[in-house]
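So you can see what is in the structure, the chains are spelled out below.
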Amino acid sequence: MKATAAEASLGVFDSGVGGLTVVQAITELLPNERVIYLGDTARVPYGNKSPDTVKRFARQDAAFLLGRGVKAIVVACNTATAFALPSLVADISVPVIGVLAPGVETALARTKSGRIGLIGTAGTIGSEAYQKAIRALRPDAHLVARATPLLVPLVEEDWLQHAVTRQVLEEYVRPMLSEGIDTLVLACTHYPLLKSKIQTIMGRGVRLIDSAQQVAQEVRQVLIQEGLLSRDTKKRSTREYFVSDEVAIFANVASRFLGE
């Protein structure tokens, strides 16, 4: 049974294109794994929705993936992780992995001063999930958290290179430099698509924490622990992409980002 289950696909869902940063990291680390991705583009962004609504959306996203026989689910959305992960873990029979813990652990490992910035959707920042997780491990941390709700729509509209996006980023993140942060957590999986622009604004003295690679490492560890890691090295990894609304913009951003 386990051997058969190990060759099933890994499910990943997000509110839109952002979770592709996690898909890319997973496929680089685990090239033999099949991946089914769901981007809930009809209801993006999740960050301005109520906790109950996000939980409902997350359950529906997970049900879609479970209906396709996935062996584990990665919640590649910080807002859904913050609000829905505990209930998904409790209610779903396959392993469920979120993106929050790996980001927190990486930020604490990288910061030298303990002055950490956080940017995310209104829902993620308002939940204080990151803040509580960081303070639980480092009570003396100085946190500067800011909701940056315009960034997800800009990414979803494929405005990655638009001058307006640069202006919005300047307004959001430059003021955080005055707080003396040495680490900035990109607490939304859409934000790594803007990483180079954010780094230019923040300068080399601020480390950007994109947790995708750490999430991939956790996925690998969980699959090994559960006996679900694919060992068929002869097969070619496949990726299937599903969206809940218009395909064209998603396809443009995804093809450029993934190179496929």
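Presented here is an overview of the structure given in this document. Here the residue index of a chain counts from 1 through its sequence in written order. Where local features are concerned, this predicted model is filtered to residues with pLDDT of at least 70; where side-chain atom pairs are given and counted, the filter is 80 or more; whole-chain, interface and lining totals use all residues. Side-chain metrics in this entry use all non-hydrogen atoms of the structure; hydrogen atoms and water are not considered.

**Observations concerning the environment of Val 96**
Spelled out, the test is: The numbering of helices and of strands both runs from the N terminus, where a helix is a DSSP run of H or I of at least 4 residues and a strand a run of E of at least 2. For the exposure calls, accessible area comes from a 1.4 Å probe over protein chains only, and a residue counts as buried if that area is under 20% of its type's maximum, exposed if over 50%, partly exposed in between. Any pair of residues with heavy atoms lying within 4.5 Å of one another is described as a contacting pair.
With respect to the secondary-structure elements, Val 96 resides in strand β4 (residues 96-97). Overall, Val 96 belongs to the buried group, its relative accessible area being 15%. Considered as a pair, Val 96 and Val 219 are 123 residues apart in the sequence and their alpha carbons are 9.2 Å apart. In this structure, Val 96 is in contact with Ile 73, Val 75, Leu 85, Leu 88 and Val 89, ignoring residues within four places of it in sequence.

**Comments concerning the state of the cysteines**
Stated precisely, the cut-off is as follows: By definition, disulfides here are pairs of cysteine sulfur atoms that lie within 2.5 Å.
One pass over the full model with this rule turns up zero disulfides. Its sulfur unpaired, Cys 77 is 6.8 Å from the next cysteine sulfur, which belongs to Cys 188.

**Some details on the side chain of Gln 131**
Tracing the backbone shows Gln 131 in helix α7 (residues 129-137). Accessibility expressed as a relative area gives 6% for Gln 131, which makes it buried. Setting aside its immediate chain neighbours within four residues, Gln 131 contacts Leu 118, Ile 125, Leu 143 and Ala 145.

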